[in-house]
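Structural overview for review
Given next are the chains, with one letter for each unit.
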Amino acid sequence: MIKILLDTNIIVYRESDNVYKEKIGELFKIIDNNPNMYKYIHPVIKKELLQNVYNEKRDLLLDRLTSYNVLENHKMIDSKLKTLTSTLNKTINDQIDDIILNELYVGNVDFLITEDKKIKQKSIALGIGNKVMNINEFIFQSRNEKSINHNILDIYKVKFGDLDINDSFFDSLKKDYPGFLDWYERKITEDVYCYKEQDKILGLLFLKNEEPESEDYSDIKPMMKLNRKLKISTFKVDIGGKKIGERFMKIVFDQALFSMVDEVYVTIYDNDDKKMNLIRYFEKFGFNYFGKKKNELVYIRNMRKNFDNNNPLKNYPYIKRNNDTFVVPIKPKYHTYLLPDSILYRESYKDIHMPVEYAINKYYITNCGWLEIPKVGDNIVFYRSRQEGAIAKYSSVLTTLGVVTGIFIPKNEQELVNKVSGRTVFNETELRKTYSKNTYVIEFAYITTLEKKLNYDFCKNNGILDGGPRGVLKINSTKFQKIIEFGKVDTTLIIK
């Protein structure tokens with residue numbers, strides 16, 4: 001049992017509209033979804049909240065406070081804490097803070113969550129600073145205690161030391177970085193993402209979370225901001241046309257959001273065409289030139305929630321909630337090859353290593369008409385249609401979110417083939433058979449899979465769909481918000 005004590009400011013933020021509202025919701029979701037965690041408030045907080053609140057407002061607040069456990073058997077203030085804070089306390093609120101902090105100090109609770117910087121300072125002096133967290137710190141710790149599963153599509157997380165350093169894959173790294181072997185020896189127990197074919201290393205991605213207090217950026221000019229960063233230490237792909245690099249980029253941004261970093265950065269040489277192409281690839285996803293680390297260029301991607309309606313990849317993987325949204329139907333036999341992360345429970349699926357499976361940017365091809373043409377920046381929600389032999393209202397499901405990155409209307413079948421090859425589930429023969437004068441292509445970036453898939457029966461009963469979509473179907477923002485909420489989409493991806 002983990003007892004979490006909430007400070008007065010956390011309760012106030014929870015019960016009012018403010019800039020913390022979204023983060024508070026995520027905080028409470030983490031606690032409420034963990035059967036071992038329990039929310040507590042101190043009786044002194046309840047008293048403080050209820051003072052100067054009367055009549056119906058008081059009754060409403062009392063009702064809301066029933067969702068919190070009230071701490072019992074509270075302890076007398078420890079003499080060491082009293083001595084330490086006696087010279088710091090100036091107001092009655094400081095004394096209340098001591099009463100709350102004391103419960104943590106004497107072991108009556110396990111953690112205290114507060115936005116009060118003075119309480120944090122006191123806790124550090126008492127040697128319990130690691131148990132006092134603000135909202136972001138608690139969310140960050142909870143995310144890091146989980147794991148992200150990327151062990152699909154033959155990209156596996158392994159220990160550096162399990163890789164054969166004599167593999168020719170590492171030759172260029174040894175050449176570019178004279179100290180590479182010493183660096184490798186220091187990293188042998190750390191995790192790295194690896195792609196192999198026939199036991200041959202063809203792709204490697206190594207990421208490092210960096211905290212401002214533990215890093216030295218003095219060798220980077222100009223000086224970088226001291227904030228939480230994700231460093232792309234190694235990003236190397238030795239196979240073309242497979243879109244492994246895009247899969248690696250998806251992992252980069254998943255980890256960036258997971259770790260709640262402020263920036264992602266990479267250092268890279270520009271001494272050959274392959275590296276210049278990689279630089280252009282990073283720029284495609286919003287990385288900008290910052291400066292230099294000795295002879296390497298430094299590129300940074302800020303993870304602030306911004307959105308460029310004309311070029312959504314610059315702000316990948318964010319989507320804008322209030323942009324137009326379209327539901328897009330897709331047949332089961334194509335669904336999971338286009339969207340492998342959205343595989344259904346008990347679904348039969350065999351990875352056949354098509355490039356589109358690894359790609360972020362993909363093509364959806366249809367001959368169905370539209371009432372309104374989607375535009376770049378719009379949201380799309382994929383609707384996996386009825387499984388053959390199954391009941392439609394249960395087997396048809398909303399599974400996936402994406403964002404439109406382009407619209408293309410081919411003039412002939414050859415133009416269609418030239419445009420979409422490698423980023424669609426169709427081979428060339430199928431593309432030529434598919435083409436008609438009604439054919440159009442939605443270019444989109446895969447964003448995320450709905451944690452909870454929503455079947456047609458649920459969608460109809462909850463006002464999301466009035467009928468199964470027969471073509472590209474526009475829905476309003478209220479319906480899209482329901483998909484986000486009921487589908488349990490990670491809200492860190494969503495821009496209001």
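Parameters and conventions
Residues numbered from 1 in each chain as written. Predicted model: local features only at pLDDT ≥ 70, side-chain atom pairs only at ≥ 80, totals over all residues. Heavy atoms only, no water. Pairing = 2+ DSSP bridges. Helix = DSSP H or I, 4+ residues; strand = E, 2+ residues; numbered from the N terminus. Contact = heavy atoms within 4.5 Å. Axes fitted to C-alpha atoms, helices over the stretch in contact; angles between N-to-C directions. Patch = residues over 30% accessible without salt bridge, like charges linked within 9 Å, V, L, I, M, F, W, Y side chains within 5 Å. Areas by Shrake-Rupley, 256 points an atom, 1.4 Å probe, with all protein chains shown as cover. Salt bridge = Lys/Arg side-chain N within 4 Å of Asp/Glu carboxyl O. Buried < 20%, exposed > 50% of the residue type's maximum accessible area, 1.4 Å probe, protein only. Phe/Tyr/Trp six-rings, centres within 6.5 Å; stacked < 30°, edge-to-face > 60°. Lys NZ or Arg CZ within 6 Å of the ring centre and 35° of its normal. Parallel < 35°, antiparallel > 145°, perpendicular 65-115°, else oblique. Left-handed = near helix turned anticlockwise from the far one by under 90°. Nonpolar A, V, L, I, M, F, W, Y, C, P; charged D, E, K, R; others polar.

Strand pairing in a sheet takes place through backbone hydrogen bonds and is either antiparallel or parallel in direction. Pairing within the open sheet is mixed, and its eight strands lie in the order 6-7-8-10-11-13-12-9. Each end of this open sheet is capped by a strand with a single partner; those strands are strand 6 (155-159) and strand 9 (220-221). Where helix 11 (residues 244-258) meets the sheet, it contacts strand 6, strand 7 (191-197), strand 8 (200-210), strand 10 (229-237), strand 11 (263-268) and strand 13 (296-302), and its direction lies at approximately 165 degrees from that of strand 10. The strands touched by helix 12 (residues 273-284) within the sheet are strand 10, strand 11 and strand 13, with strand 10 carrying the most contacts at an inclination of about 135 degrees.

Quick look at a nonpolar patch on the surface now. A cluster of nonpolar residues, Ile-373, Ile-407 and Ile-409, forms a patch on the protein surface that exposes about 240 Å² of accessible area. Topologically, Ile-407 is positioned in strand 18 (residues 397-408). By relative accessible area, which is 31% here, Ile-407 ends up partly exposed.

Next up on the list: the packing of aromatic side chains. Here the distance between the centres and the angle between the planes together describe a pair of aromatic rings. Under the counting rule described, the total for this entry stands at 24 aromatic pairs. Arranged with centres 5.1 Å apart and planes meeting at 85 degrees, the rings of Phe-458 and Phe-486 form a pair that is edge-to-face. Note that Phe-458 is positioned in helix 18 (residues 456-461) and Phe-486 in helix 19 (residues 477-486), a separation of 28 residues in sequence. With a relative accessible area of 30%, Phe-486 lands in the partly exposed category. Here the aromatic residues Phe-235, Phe-248, Phe-253, Tyr-281, Phe-282, Phe-285, Phe-287 and Tyr-316 are joined through ring pairs into a cluster of three or more. One Lys or Arg, Lys-236, reaches over the ring of Phe-169 and ends 4.0 Å from the middle of that ring. Between Lys-419 and the ring centre of Phe-408, over which it is positioned, the NZ or CZ distance is 5.4 Å.

Quick look at unusual backbone geometry now. Here the amide bond leading from Lys-221 into Pro-222 is cis, since omega sits at -5 degrees, within 30 degrees of zero. Following the sequence through the fold, Pro-222 ends up in the loop between strand 9 and strand 10. Looking along the chain, the bond that leaves Tyr-316 and enters Pro-317 is cis, with omega of 10 degrees. Relative to the helices and strands, Pro-317 resides in the loop between strand 13 and strand 14 (319-320). Despite not being glycine, Gln-198 shows a phi value in the positive range, around 50 degrees. Tracing the chain through its elements places Gln-198 in the loop between strand 7 and strand 8. On the basis of relative accessibility, which here comes to 84%, the residue Gln-198 falls in the exposed class. Of note, Lys-488 is a non-glycine position whose phi angle comes to about 55 degrees, a positive value.

Each pair of packed helices can be summarised by the angle the axes make with each other and by the distance between the axes. Helix 7 (residues 117-125) packs onto helix 6 (residues 92-105) with a crossing angle of 50 degrees between their chain directions and a minimal axis gap of 11 Å. On the basis of their axis angle, the class for helix 6 and helix 7 is oblique. Where helix 6 crosses over helix 7, the two elements pack in a sense that is right-handed. Between helix 6, through Asp-94, Asp-97, Asp-98 and Leu-101, and helix 7, the contact on the second element is made entirely by Lys-118, Ile-119, Lys-122 and Ser-123. Within the contact of helix 6 with helix 7, the residues separate by chemical class into two nonpolar, one polar and five charged.

Geometric values such as these leave the question of function open.
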